[in-house]
Every structure is written in structure tokens, then in C-alpha cells.
Amino acid sequence: MTSQHEMQGNHTEEVQDINDWLPITAARKAKWYYSAFHNVTAMVGAGVLGLPYAMAQLGWYGGISAMLVSWVVTYYSLWQLVELHEAVPGTRFDRYPELGMHAFGPKLGYWIVMPQQTIVQVAINIVYMVTGGKSLKKACDIAFPSLPDTRTTYYTLIFAFLELLLSQAPNFHSLKLISFLAALMSIAYSLIACLASIRKGVSQRRHNQPVEYGVRSNTTAGIIFDTFNGLGTIAFAFAGHSVVLEIQATIPSSLEKPSKKPMWKGAVVAYILVAMCYLSVAVAGYWAFGRTVEDDVLVSLERPPWIISAANFMVFIHVVGSYQVFAMPMYDMIESYLLQKWNCTPGVILRLIARSTYVALTAIVGICVPFFGGLLGFFGGLAFASTSYFLPCIMWLIMHQPKIWSFHWTSCWICIIIGAVITVVAPIGGLREIVISAKTYKMFS
């Protein structure tokens, strides 16, 4: 008769065998600079282009204050996640839900973290479907004005086809070159958006063209809802925490050289770049266009045409790679479920069917609901604020139990309060933005 110890040993070996195939844990060969560009790819995404619009909803002081507070809060919570990855000696929490299960308990922890991470990953992939299609269309329309007008839907389908091909990358580590290219593109189009906005602003002032500042709405209710949506847009921009543990899982670790050291080194570099990109684009875009700026600042920019076309194409290339960075935890979750619950055989066929289905579903939703500004605010508050702003703090309080009124105790509670407020109010503003946009929208336009 098999002993309980032997049964546990067999289960552990089975889990280890699965981890050797699943995309998050299949390869642990990453260097510290992989962490840097993975984090830049995850952070400096489509959300940065919506920051001038958030400034128009919050005003100069409100917008800059909200971004600086968000940067400090999420910098702190990012450090917490990196530290918690190996909080238990000899154990690595390679996935966000695994850390949640340790902090809150096996069942409760899974159902607290997994749905929130899933919403973040799926929401970003949907928004990137929208962004990819719109950016490619914008790039082509500017570069080739003689081309007949083509529906955005077709450009979104081109983006989806590329994602179907890239989705077959076997594991997270194999995305390193794609992620590196995406990181370069994100920095490049942020720089172009900043410089082109400054050029536009200087030109307007030279020709005595007035720029109106303040907030977009003229009614009290409108200002309140816009403030809610602006906070959600900023929260969306700081959404990279949902893949931090998964990025760290690709870095080798030992008792002598824990993964947190190279991971944090890369994260610090990434966060410096994040601050530079976010503040420069937000301030320059709002300064140039004021309260009339579009929800994607590149849409407001038309000249010089070839540069704006190139910038939109860079956005397209970036979201092609960034989509896969955020999709990888979803592939991991889906394939893990199929292996353990349905007893499927690991291999190319499983990967092809599971990942292609996921990409197709996000494409369908992205084509049907292409409201960029509203989606940023709605999803930014719904789950992004929790996974980036305060969920790491709650787990830190549970696992480390700092003394009351100590630095970490106080910092955690400040972050929890800020994140909870955004979580409550941002989806309200985002939903209103979607409803307003839907009034003038035609399906598959």
C-alpha cells in the first residue's frame, strides 16, 4: 500500500514536471537587464498616450500630483512583490495567485488574486487589440494618404494575426528579444510624442493660437466623473505589477544569489525610465493641446507627418510585443488548468488550440468595444489599482506583520487607502466615458 509520504512525493514530482513545461517556469536563464526591459515593456505601454487626456480631466495640479503619488506608491509596492517572491526560504512564488495562496490561505488566496490578475491581463490585451489596430491605421493613413479609407476592424485583424503567430513562443524567456524591441519602441514613441507636442505648442504660441487649460467638463457632475476616469487612466498606466512575479520567475535563484537582487536592479532602471516617459508625455501633451487633447495624444498630432506616422507604427510594434508579455500568464493559467483538470497532453497541439482561442476572444471583444479612453479608466480602477497599488501591501502586512505605526505599517495603509479609493471611483468614470462614446459608435466601423 502506498504511504501518504510517497503520495505527496509523487504529487510534488508531478507539479515539478508540469512547471518544467509551463511557459512561466520552463526556463530560468534571465539576466537583470531582461527584468529592466520586460518591466519597461509592461509599464510604458498604451497607457502613456492617455496621460495628457488624464491631465485634461484633472488639471495641472491634480494631474501631476496624481502621477507622482502613483509613481511613489507603485514603486513601493513593486519592491514588496520582488521581496515577497522568495519570502519563504527555498520556495519561489512564481505566479501572483501562488503568493496570494500563501498570504490568505490556499482557497481564499487563489480566489482573491486570480480573478483580479485575470481581469488585468485580459483587459490589457483587449485594449492593446484596440490600440494596435488604431495605431496601424493611423500610421498607414498618414504615410499613404492616397490609399482608400479602410475600416479599423481590418487593421485590428492584422494585429490579431501577428499575435496568433507570436503566441506560439514556448515560454516567457523566449520573448526576450520581442520584449526588448517593444521596450525600445515604447521609449522612442514616448520621446516623439513629447517632442512633437512641444513643437506643436511652440507653433501655436508663435501664431497666437490660444490653448485652454483647466478641466474638460463645464458641469460639476462632468468634472467629478472626469476626475474618476482620469484617476483610472493613471492607474492603468501603472499596471505592470500583474506580471512582476512572473518576470522574476525567469531569473535563476539560489540561497547565495537570490533572484530579488538582479530583479530589483532591473526594476529600478525601468522605473526611472517610466518616470521620464510618463511625465514628459503627460506635461508636453497637455501643454500643447490643453483641454482639447484626444484620449490618445498621437491622434491629436498631425505634423510632421512622417514622424507621427513612424510614432504610430512604433506604438503598433510595441503593443505587438507587450500583448505577449501580458498574455503569457494567461497562457500559463489556461494550460495549467487543461493539464491538471482535463488531463491533456502537453505539446504543440495543446499550445496551438489554447493560445489561439485566447487571442481570438480578445480580438473579438477589442473589435466590438474600441473605446480607448473609457477602457483605460474603467479597467484601470476595476482591477489594476488593486494589483498594483494595495494588494502587495495587504500581503506584506499579513506575512511580515510590521509593528503598528512603523514605517512599513504606515506606508502600507496609506497605499491601501489610495488604491481602494481609485478602485471604487475609477470604474464609474470609465463606464460613463464608454456610454458617451457608444452613442456615436457603429459596430465594425
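Just so it is clear, the model here is predicted, and its values are computed rather than measured. (Residues numbered from 1 in each chain as written. Predicted model: local features only at pLDDT ≥ 70, side-chain atom pairs only at ≥ 80, totals over all residues. Heavy atoms only, no water.)

### With respect to the overall build of the protein
When helices and strands are counted, the protein shows 15 helices and zero strands. Within the span of the protein, comprising 445 residues, buried residues form 54% of the whole. Within the protein, contacts between residues separated by at least 24 positions form 85% of all contacts whose residues are at least 6 apart in sequence. Total accessible area on the protein is roughly 19,400 Å²; 68% of this is exposed by carbon and sulfur atoms. (Helix = DSSP H or I, 4+ residues; strand = E, 2+ residues; numbered from the N terminus. Buried < 20%, exposed > 50% of the residue type's maximum accessible area, 1.4 Å probe, protein only. Contact = heavy atoms within 4.5 Å. Areas by Shrake-Rupley, 256 points an atom, 1.4 Å probe, with all protein chains shown as cover.)

### Some details on the confidence of the model for the protein
In the predicted model, the protein carries a mean pLDDT of 84, and 88% of its residues have values of at least 70. Looking across the protein, the model is least confident in helix H1 (residues 4–19), with a mean pLDDT of 51, and most confident in helix H4 (residues 96–104), with 94. The model gives residues 1–13 a pLDDT under 50, and that stretch makes one contact with residues more than four places away or in other chains. (pLDDT = per-residue confidence, 0-100.)

### What about a nonpolar patch on the surface?
A contiguous nonpolar surface patch, about 430 Å² in accessible area, is contributed by Ile 158, Phe 161, Leu 162, Leu 164 and Leu 165. Topologically, Leu 164 is positioned in helix H6 (residues 152–166). Residue classification places Leu 164 among the partly exposed residues on the basis of a relative accessible area of 31%. (Patch = residues over 30% accessible without salt bridge, like charges linked within 9 Å, V, L, I, M, F, W, Y side chains within 5 Å. Salt bridge = Lys/Arg side-chain N within 4 Å of Asp/Glu carboxyl O.)

### Quick notes on the pattern of salt bridges
Throughout the structure, instances matching the rule amount to nine salt bridges. Note that Glu 86 and Arg 92 form a salt bridge whose closest N and O atoms lie 3.9 Å from each other. Of the charged contacts in the structure, one is a salt bridge between Asp 149 and Lys 137, with a shortest N-O distance of 3.0 Å. With a gap of 12 residues between them, Asp 149 in the loop between helix H5 (106–143) and H6 and Lys 137 in helix H5 connect regions that are remote in the sequence. Judged by relative accessible area, Asp 149 falls into the exposed class, the value being 72%. Among the ionic contacts, a cluster of salt bridges with common partners joins Arg 28, Glu 86, Arg 92 and Asp 94.

### Considerations on the nonpolar core
The biggest cluster of nonpolar side chains holds 108 residues, and the ones touching the most others in it are Ile 234, Tyr 278, Tyr 323, Tyr 389 and Met 395. In terms of residue count, helix H12 (residues 305–341) provides more of this core than any other element does, 14 residues in total. Beyond its immediate sequence surroundings of up to four residues, Ile 234 is in contact with Leu 51, Ala 54, Leu 58, Gly 63, Ala 66, Met 67, Ser 70 and Tyr 389. Membership of the second largest hydrophobic core comes to seven residues, among which are Ile 18, Leu 22, Leu 350 and Ala 354. (Core = buried A, V, L, I, M, F, W, Y, C linked by side-chain atoms within 4.5 Å.)

### What to know about unusual backbone geometry
When glycine is set aside, most residues are seen to have a negative phi, and most peptide bonds are trans. Within the chain, Asn 343 stands out as a residue other than glycine whose phi angle is a positive 55°. You can see Asn 343 is positioned in the loop between H12 and helix H13 (348–368). Positive phi values are uncommon outside glycine, yet Trp 405 reaches one of about 70°. Within the secondary structure, Trp 405 sits in the loop between helix H14 (372–400) and helix H15 (407–438). Assessed through its relative accessible area of 67%, Trp 405 is described here as exposed.

### Concerning the side chain of Glu 335
Note on placement: Glu 335 falls in helix H12. Dropping the residues within four chain positions of it, Glu 335 is found in contact with Trp 21, Leu 22, Pro 23, Arg 351, Ala 354 and Arg 355.

### Looking at the environment of Gly 419
Relative to the helices and strands, Gly 419 is located in helix H15. Sequence-wise, Gly 419 and Ser 388 are 31 residues apart; in three dimensions their C-alpha atoms are separated by 8.3 Å. If near-sequence neighbours (up to four positions away) are discounted, Gly 419 is found in contact with Ala 385, Tyr 389 and Phe 390.

### Examining the packing of aromatic side chains
Counted by the stated rule, this structure contains 21 aromatic pairs. When the centroid spacing of 5.1 Å and the interplanar angle of 80° are considered together, the rings of Tyr 33 and Tyr 34 count as edge-to-face. According to the relative accessible area criterion, Tyr 33 is partly exposed, its value standing at 38%. Measuring from ring centre to ring centre gives 5.9 Å for Phe 159 and Phe 316, while their planes differ by 65°; the resulting arrangement is edge-to-face. Of the two residues, Phe 159 is situated in helix H6 and Phe 316 in helix H12; the sequence distance between them amounts to 157 residues. (Phe/Tyr/Trp six-rings, centres within 6.5 Å; stacked < 30°, edge-to-face > 60°.)

### Let's talk about the UniProt feature "transmembrane region" (unreviewed entry) in the protein
Per the UniProt record, "transmembrane region" (unreviewed entry) is annotated on residues 32–51, 58–78, 108–131, 177–198, 268–289, 309–331, 352–372 and 411–431. Split by type, residues 309–331 is 100% helix and 0% strand. Its first and last C-alpha atoms lie 33 Å apart. (UniProt positions renumbered as here; feature names shortened; annotations may be inferred.)

### A word on the side chain of Thr 41
Note on placement: Thr 41 falls in helix H2 (residues 32–43). Of the polar contacts made by the side chain of Thr 41, one reaches the backbone oxygen of Phe 37; its length is 2.7 Å. Those residues in contact with Thr 41 that sit more than four places away from it in its chain are Ser 179, Ala 182, Ala 183, His 318, Gly 321, Ser 322 and Val 325. (Polar contact = N/O pair within 3.5 Å; in protein donor to acceptor, adjacent residues only side chain to side chain.)

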